[in-house]
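Descriptive analysis of the structure
Listed below are the residues making up each chain.
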Amino acid sequence: MPRLSVEELELSFGGIRALNKLSFAVAEGELCALVGPNGAGKSSVFNCITGLYRPSAGRVVFDGRDLLRLPAHRVAAQGVARTFQNLALFPRLTVLENVLLGGHLNERPGPLACALHLPRHRRAERALRAQADEVLALTGLESLAGNPASGLPYGTLKRVELARALMSRPRLLLLDEPAAGLPHGEVGELGDLIARIRAELGISIVLVEHHMGMVMSISDKVVVLNLGRRICEGTPEEVSRDPEVIAAYLGEAA
């Protein structure tokens, strides 16, 4: 059984068909990239998986459970984490504080224990801090833990958002254009980090990205979308030679 199975998704906005019977699957520990021209439906897929959009047909099955049957606020609790194209950090909080926010989904000692600072609350806070230290080390942010998020380089903030997503201990990580806005030299570093996270944590990753060099270097499988439908799926090498993919990116003349 695949970790994630997207089955025959259909989504429309008025007369515009964003997803057209889209299907693909992601195995446990696999890094799958969704690529395609602007407007191909990539972000719409993420929004359906996380419950922000409700497709008119199809299923999104994660570890045997249809996520479309759940309210959006319960999807993350199933083991799904996501980053966004635009940063959503708290600039006045430190790097550590921003990262810790991602872990409170799994640590719930209760309001009374928190208010009275009971032992179980203190134990939960110590465990959360230890987990944050591990995530900061994995993402290369430990030396910046006490720095406010405001004023940090854009590439560093991208890593902070990634670290915060990892704090929920996801089994599926959705990365929405993590390299957008990064200078060329930092794209490769981010790609190496994503590959290391997959290798060390063993989680499944779905990556939406326009930097094709990074996609081709770290992905196990690439799914190519165009106008809401899947036009190709395969290894990076297979996809790069597909005539329909070349036409979608470069035009029929190419």
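Each residue is numbered by its place in its chain's sequence as written, counting from 1. Note on the predicted model: pLDDT of at least 70 is required for a residue's local features to be given, and 80 or more for side-chain atom pairs to be given and counted; whole-chain, interface and lining totals, by contrast, use all residues. The basis for every side-chain value is the complete set of heavy atoms in the structure, and neither hydrogens nor water enter the calculation.

In the nomenclature of an unreviewed UniProt entry, the protein chain corresponds to Amino acid/amide ABC transporter ATP-binding protein 1, HAAT family from the organism Thermomonospora echinospora.

Right, let's get into the domain arrangement of the protein chain. Annotation comment: domain bounds sourced from an automatic or database domain assignment. Structurally, the protein chain comprises domain 1 (1-79 + 170-254) and domain 2 (94-168). Here the C-alpha centroids of domain 1 and domain 2 sit 27 Å apart. We call two residues in contact when some of their heavy atoms are within 4.5 Å. Contacts between the two partners involve 17 residues from domain 1 and, on the opposite side, eleven residues from domain 2. Summed over both partners, the interface of domain 1 with domain 2 buries about 1,100 Å², with 75% contributed by carbon and sulfur atoms. Buried area counts how much accessible surface, traced with a 1.4 Å probe, disappears from two parts once they are put together, with both parts' losses summed. Counting the surface domain 1 buries against domain 2, the share from its top three residues, P170, L193 and I197, is 34%. Each reported salt bridge corresponds to a side-chain nitrogen of Lys or Arg within 4 Å of a carboxyl oxygen of Asp or Glu. Joining domain 1 to domain 2, the criterion identifies zero salt bridges. Between N or O atoms, a polar contact is any pair within 3.5 Å; within protein, one atom must be a potential hydrogen donor and the other a potential acceptor, and residues adjacent in sequence are included only when both atoms are from side chains. The interface formed by domain 1 and domain 2 contains three residue pairs in polar contact (both at pLDDT 80 or more). Secondary structure elements follow DSSP: runs of H or I no shorter than four residues count as helices, runs of E no shorter than two count as strands, and numbering proceeds from the N terminus. Mapped by element, the contributors of at least two residues to the side of domain 1 that touches domain 2 are β7 (172-176) and α7 (184-201). Of the residues forming the side of domain 1 that touches domain 2, the biggest block, six residues, is contributed by α7.

Nine residue types can take part in a nonpolar core, namely buried Ala, Val, Leu, Ile, Met, Phe, Trp, Tyr and Cys, and a core is a set of them joined through side-chain atoms within 4.5 Å. Relative accessible area decides the class of each residue, using a 1.4 Å probe on protein chains only: under 20% of the type maximum gives buried, over 50% gives exposed, and in between gives partly exposed. With 46 residues, the main nonpolar core has V99, L173, I194 and V224 as its most contacted residues. Per-element accounting of this core gives the leading share, six residues, to helix α6 (residues 154-166). Shared between two domains, this core holds at least three residues of each, these being domain 1 (1-79 + 170-254) and domain 2 (94-168). Not counting chain neighbours up to four residues away, the residues in contact with V99 comprise A132, V135, L136, V160, A163, R164 and M167. Counting 29 residues, the second-largest nonpolar core is a separate cluster that includes F24, V26, V75 and V206.

Being paired, for any two strands, means DSSP has found at least two bridges between them. Taken together, the four strands give an open sheet; going across it, the order is β2-β1-β4-β5, and neighbouring strands pair in antiparallel fashion. The open sheet terminates on both sides in strands that have one partner only, identified here as β2 (16-26) and β5 (65-66).

If you trace the six strands from one edge of the open sheet to the other, you get β6-β7-β8-β3-β9-β10, paired in mixed fashion. Each of the sheet's edge strands pairs with one partner strand only, and the pair in question is β6 (80-82) and β10 (229-234). Neighbour-to-neighbour, the strand axes of this sheet turn through a mean angle of 20°, independent of strand direction. Two strands pair when backbone bridges link them, and strand β3 (residues 31-35) and strand β8 (residues 204-208) are joined in this way by four bridges, in the parallel orientation. For every element, the axis is a line fit to its C-alpha atoms; helices are fit only across the contacting stretch, and the angle between N-to-C directions ranges from 0 to 180 degrees.

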